[in-house]
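Coordinate analysis (summary)
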Amino acid sequence: MPELPEVETVCKGLSKSLLGRKFTNINLLRPNLRIPFPENFSTKIINRTIKDITRRAKYIFIHLDNSQVIIMHLGMSGKIIVHPSKQQILKHDHAIFTFDDNQELVFNDARRFGLITIADINNLDQHPLFKSLGPEPLTENFNTKYLADKLKTKSIPIKPAIMNNNIVVGVGNIYACESLFISNISPLKAANNLNNVEIKILITNIKQVLLDAIKSGGSSISDYVNAQGELGYFQHNFNVYNKYNHSCKICTSKIARITQCGRSTFYCPTCQK
Ligand SMILES: [Zn+2]
């Protein structure tokens, strides 16, 4: 599943190829993905120019030269490919946008949990997709005071707490496991049992793990957009993620795997308390 760093990389790649481009055509090959495509979609976007491309949580915002924003989400398996137009339509291509420089953006999604919609930028805060989202992890709004306040009433384990989008967005399973390991905090520890020092360390490490992932994705931007669009999970040397039964890099204990809220958690039972 694409995580925040991958989506950030996609946004940077799209910006490079599409800023200033004007939509000339849209070809929808089915009526919907997770939700229906917008009504009169082509009327809303044809002849509009792309002014900016940004990200909120794992949503891609394509800002047009009016107050409208095209919103895309890659879901479980979505891919965005930008290439010269008139390419062969492939299996699972669902929406093809053509631009005035004869490039096209193809939204391909085998499992169709992705989403494409359009909204007014002035209403985004109240939009059903965004109104209950927590802060971006890489902003100053995600700080010790904020998180301590959010966690003080939560007796659930810390790992699902930091993966909860209402608390903070974009901390996916990989990054939750890795940041808890680096912070020496057990994923099983009750969220309201972390002290402020632990919360501060955890926040610092969440930011660092995400920044490192974005940095390692940066080098693959041009490949991503101009080649075949594989979303390439960054080949990190993870400490614990997917390392069940490997030796911990710090203490040589075996890495454990448990299930929390339906997701695999990897951690070192010795280092993480
Ligand atoms: Zn260890």
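Described below are features of the structure shown in this document. Predicted model, so just to flag it, every value in this text is computed and none were measured. (Residues numbered from 1 in each chain as written. Predicted model: local features only at pLDDT ≥ 70, side-chain atom pairs only at ≥ 80, totals over all residues. Heavy atoms only, no water.)

What follows concerns the layout of surface pockets. There is about 330 Å³ of room inside the largest pocket. If you go around the largest pocket, you meet 15 residues; those closest to its centre are Met1, Glu3, Lys58, Met163 and Asn165. (1 Å grid on protein atoms, 1.4 Å probe; cavity = no way out; pocket = protein on both sides within 12 Å on 5 of 7 lines; lining within 4 Å. Points joined across faces, edges and corners; volume = space filled by probe spheres on them.)

To continue, consider the sheet that holds strand E4 (residues 68–73). Think of a sheet as strands paired side by side through backbone hydrogen bonds, with each pair either parallel or antiparallel. Spatially, four strands are ordered E2-E3-E4-E8 in an open sheet, and the strand pairing comes out antiparallel. A single partner strand is all that each edge strand has here, and the edge strands are strand E2 (50–56) and strand E8 (115–120). Averaged over all neighbouring strand pairs, the angle between strand axes comes to 25 degrees, with direction disregarded. Sheet topology places E2 next to strand E3 (residues 59–64); six bridges connect them, and they run antiparallel. Bridging from a neighbouring strand, Ile53 pairs with Ile62 of E3. (Pairing = 2+ DSSP bridges. Helix = DSSP H or I, 4+ residues; strand = E, 2+ residues; numbered from the N terminus. Axes fitted to C-alpha atoms, helices over the stretch in contact; angles between N-to-C directions.)

Let us look at the pattern of salt bridges. Evaluation of the coordinates by the stated rule reveals nine salt bridges. Between Asp100 and Arg21 there is a salt bridge; the shortest N-O distance is 2.8 Å. One end of the pair, Asp100, is in the loop between strand E6 (93–99) and strand E7 (103–109); the other, Arg21, is in the loop between helix H1 (4–18) and strand E1 (23–28), and 79 residues separate them in sequence. For Asp100, a relative accessible area of 39% corresponds to the partly exposed category. For Lys189, the salt bridge identified is with Glu198, shortest N-O distance 2.9 Å. Here Glu198 falls in the buried class, since its relative accessible area comes to 17%. Three or more residues are tied together by salt bridges with common partners; here these are Glu8, Arg55, Arg56 and Glu136. (Salt bridge = Lys/Arg side-chain N within 4 Å of Asp/Glu carboxyl O. Buried < 20%, exposed > 50% of the residue type's maximum accessible area, 1.4 Å probe, protein only.)

The next thing to look at is the coordination of the zinc ion. Distances from the zinc ion to its protein donors, Cys248 (SG), Cys251 (SG), Cys268 (SG) and Cys271 (SG), fall within 2.2 to 2.4 Å. What the four donor atoms of the zinc ion show is an angle range of 100 to 114 degrees at the metal, which sorts the shape as tetrahedral. Judged by its relative accessible area of 15%, Cys271 is buried. (Donors = N, O, S within 2.8 Å, 3.2 Å for Na, K, Ca; no water. Tetrahedral: all angles 85-135°; square planar, octahedral: opposite > 155°, others 65-115°.)

A few words now on the environment of Ile206. Mapping Ile206 onto the fold places it in helix H6 (residues 196–218). Accessibility expressed as a relative area gives 2% for Ile206, which makes it buried. Separated by 136 residues in sequence, Ile206 and Ile70 place their C-alpha atoms 29 Å apart. The residues touching Ile206, leaving out its near neighbours within four places in the chain, are Pro137, Phe142, Ile162, Val171 and Ser179. (Contact = heavy atoms within 4.5 Å.)

Turning our attention to helix H3 (residues 144–151). Every buried residue of H3 is listed here: Leu147, Ala148 and Leu151. Summarising the axial view, the buried residues of H3 lie within an arc of 100 degrees, below the 170-degree limit, and thus occupy one face. Between a side-chain oxygen at the N-terminus of H3 and the backbone nitrogen of Lys145 the separation is 3.2 Å; the capping residue is Asn143. (Arc of directions from axis to C-beta. Polar contact = N/O pair within 3.5 Å; in protein donor to acceptor, adjacent residues only side chain to side chain.)

Together, Met1, Met76 and Phe113 make up a nonpolar patch on the protein surface, roughly 250 Å² of accessible area in all. Looking at the element boundaries, Phe113 is found in the loop between E7 and E8. By relative accessible area, which is 39% here, Phe113 ends up partly exposed. (Patch = residues over 30% accessible without salt bridge, like charges linked within 9 Å, V, L, I, M, F, W, Y side chains within 5 Å. Areas by Shrake-Rupley, 256 points an atom, 1.4 Å probe, with all protein chains shown as cover.)

Right, let's talk about helix H5 (residues 173–182) for a bit. For H5, the tally of buried residues reaches nine of ten residues, placing the bulk of the element in the interior. Of all the residues in H5, the buried ones are Asn173, Ile174, Tyr175, Ala176, Cys177, Glu178, Ser179, Leu180 and Phe181.

Further remarks concern the packing of aromatic side chains. Scanning the model with the defined rule gives seven aromatic pairs in all. On the basis of an interplanar angle of 85 degrees and a centroid distance of 6.0 Å, the ring pair of Phe41 and Phe97 is categorised as edge-to-face. Residue Phe41 is located in helix H2 (residues 41–45), and its partner Phe97 is located in strand E6; the two are separated by 56 residues in the primary sequence. Each member of the pair, Phe41 as well as Phe97, is classed as buried. Ring centres 4.8 Å apart and planes at 80 degrees place the aromatic pair Tyr59 and Phe130 in the edge-to-face group. Here Tyr59, found in strand E3, pairs with Phe130, found in the loop between E8 and H3; they are 71 residues apart in sequence, far enough to count as distant. By the burial criterion, Tyr59 is buried, and Phe130 matches it. An aromatic cluster of at least three residues, connected via ring pairs, comprises Phe23, Phe41, Phe97 and Phe99. (Phe/Tyr/Trp six-rings, centres within 6.5 Å; stacked < 30°, edge-to-face > 60°.)

We now examine the nonpolar core. By size, the foremost hydrophobic cluster in this structure holds 36 residues, and its most contacted members are Leu147, Leu151, Ile158, Ile162, Ile199, Leu202 and Ile206. Those elements that provide at least two residues to this core are H3, helix H4 (158–162), H5 and H6. Ranked by residues supplied to this core, first place goes to H6 with eight residues. When residues no more than four places from it in sequence are discounted, the contact partners of Leu202 are Ile158, Ile162, Ser179, Leu180, Ser183, Ile185 and Leu194. By size, the runner-up hydrophobic cluster in this structure holds 28 residues, among which are Val10, Ile62, Val82 and Phe107. (Core = buried A, V, L, I, M, F, W, Y, C linked by side-chain atoms within 4.5 Å.)

In short, shape yes, function no, at least from these values alone.
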